[in-house]
Structures are given as C-alpha cells and as structure tokens.
Amino acid sequence: MMVLYSGTTCPFSHRCRFVLFEKGMDFEIRDVDLYNKQEDINVMNPYGQVPILVERDLILYESNIINEYIDERFPHPQLMPGDPVDRARVRLFLLNFEKELFTHVLTLENRALKGNDKALEKARAHIRDRLTQLAPVFLKNKFMLGDNFSMPIHCGSCKVSVSRSLKKKTNTVTKFRSSRVGIRSSLAR
C-alpha cells in the first residue's frame, strides 16, 4: 500500500491527496507536524519537506513528480492531457500556480511571521488578487484548462490552506471552489 507523508496545512500535500482520491487509490496518510518533523522525513527527502510518497522500495518527493507518477502508473482516469502541447501547458500552469500562489500560502503558514501583520496582509492580498484574476477562467471553461477534469484542478486544493488563512474571505473562496469543483465526488471526501 502506498503511504503519503503529508502536512495537514501544506498545499503541496493536499494536491497529492486529491490526485490519490481522484484515482480511487488505497493509500495511507501519515500526517507530519511541519514544525516538529520526525527524523525519517529528512532521510526520505534531503530537503526535509512533505509530501513524500512511499510505494514499496520507491520514495518520491515533490508534489508534481508524485502526481505525474501516480497519473502514469494508474492511467484511469487520466489527469494529464494526452497531447504533448497540452501537457506542457498544464506543467507551465502548475509551475505558475506554485510560484504565484503557493509561496504566499507558505508565508501565511510560517509561524515566524505570526506577529508581522504587514507581511501576512500582503500575502493575503496577493492571494485574493491572483484568485480574482483567475475567476474568468472558470467562467469560460468547465474546468481550469478546458472541458476535461485534469491535473490543474488539483491546484485548487490549496484552498484548504488559503481559505483558513484568509479569514475574512473564507466564504468567498469556498463558494468559488465549491461552485466549480464541489460536484466531484472524490473531492467531497
């Protein structure tokens, strides 16, 4: 059975959870305290970060690598497009999503910044602004990059951390996600 070492507030970990649920996989989640990690995390991942996927003698880290492995190993339902150009666009979209949103989520989750209201509000504002910019994509398409459910929709899993950290904007973000993604049975788990 696969084991996913995952942070409860880590948006990268949530992406892997969504992919595993969408694939209908049997797997075990081992929640990791991000501020008090056990030593074996550093043994499995030299960067000391989650998520980490362990399957038999294979150990993978980095959410994009884990998710692509899962999609290729268990091809149904396929989450990455079959066309190489579309796959490249998805990969670019995922990279941009990480750089433009996830880094700010990590700022909100950083305990060292708890007293720095200016930095936290700046991160919240950046996330709100970027999600607002993305809203037209959802009005135009059934899913993020078209009419098919695919890997980029799992980027939205950062909503778990974002909505908790945005505080006042939680209902807005939740409605935005649930109106587009909440219909998927695996995402409702």
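Residues numbered from 1 in each chain as written. Predicted model: local features only at pLDDT ≥ 70, side-chain atom pairs only at ≥ 80, totals over all residues. Heavy atoms only, no water.

Engineer: Would you mind showing me how to read the packing of aromatic side chains here?
Structural biologist: Both the distance between ring centres and the angle between the ring planes are used here to describe each pair of aromatic rings. Under the definition given, this model contains three aromatic pairs. Centre to centre, the rings of Tyr47 and Tyr61 are 6.1 Å apart; their planes meet at 70°, and the pair counts as edge-to-face. One end of the pair, Tyr47, is in the loop between α2 (39-44) and β3 (52-55); the other, Tyr61, is in strand β4 (residues 58-61), and 14 residues separate them in sequence. Overall, the relative accessible area of 25% leaves Tyr61 in the partly exposed class. Seen from their ring centres, Phe93 and Phe97 are 5.8 Å apart, and the 35° between their planes marks the pair as tilted. Of the two residues, Phe93 and Phe97 both sit in helix α4 (residues 84-109), four residues apart, roughly one turn of that helix. The exposure classification of Phe93 matches that of Phe97, with both residues buried. (Phe/Tyr/Trp six-rings, centres within 6.5 Å; stacked < 30°, edge-to-face > 60°. Helix = DSSP H or I, 4+ residues; strand = E, 2+ residues; numbered from the N terminus. Buried < 20%, exposed > 50% of the residue type's maximum accessible area, 1.4 Å probe, protein only.)

Engineer: Is there a simple way to explain unusual backbone geometry in this structure?
Structural biologist: Residues apart from glycine generally show negative phi values, whereas peptide bonds are mostly found in trans. Pro51 follows Val50 through a cis peptide bond whose omega is 10°. Within the element layout of this structure, Pro51 appears in the loop between α2 and β3. Here His76 and Pro77 are connected by a cis peptide whose omega angle stands at -5°. Examined against the element boundaries, Pro77 turns out to sit in the loop between α3 (63-73) and α4. For Arg56, which is not a glycine, the phi torsion comes out positive at approximately 55°. Its place among the elements puts Arg56 in the loop between β3 and β4. Positive phi outside glycine occurs at Glu62, with the angle close to 85°. In this structure, Glu62 sits in the loop between β4 and α3. Judged by relative accessible area, which is 37%, Glu62 ranks as partly exposed.

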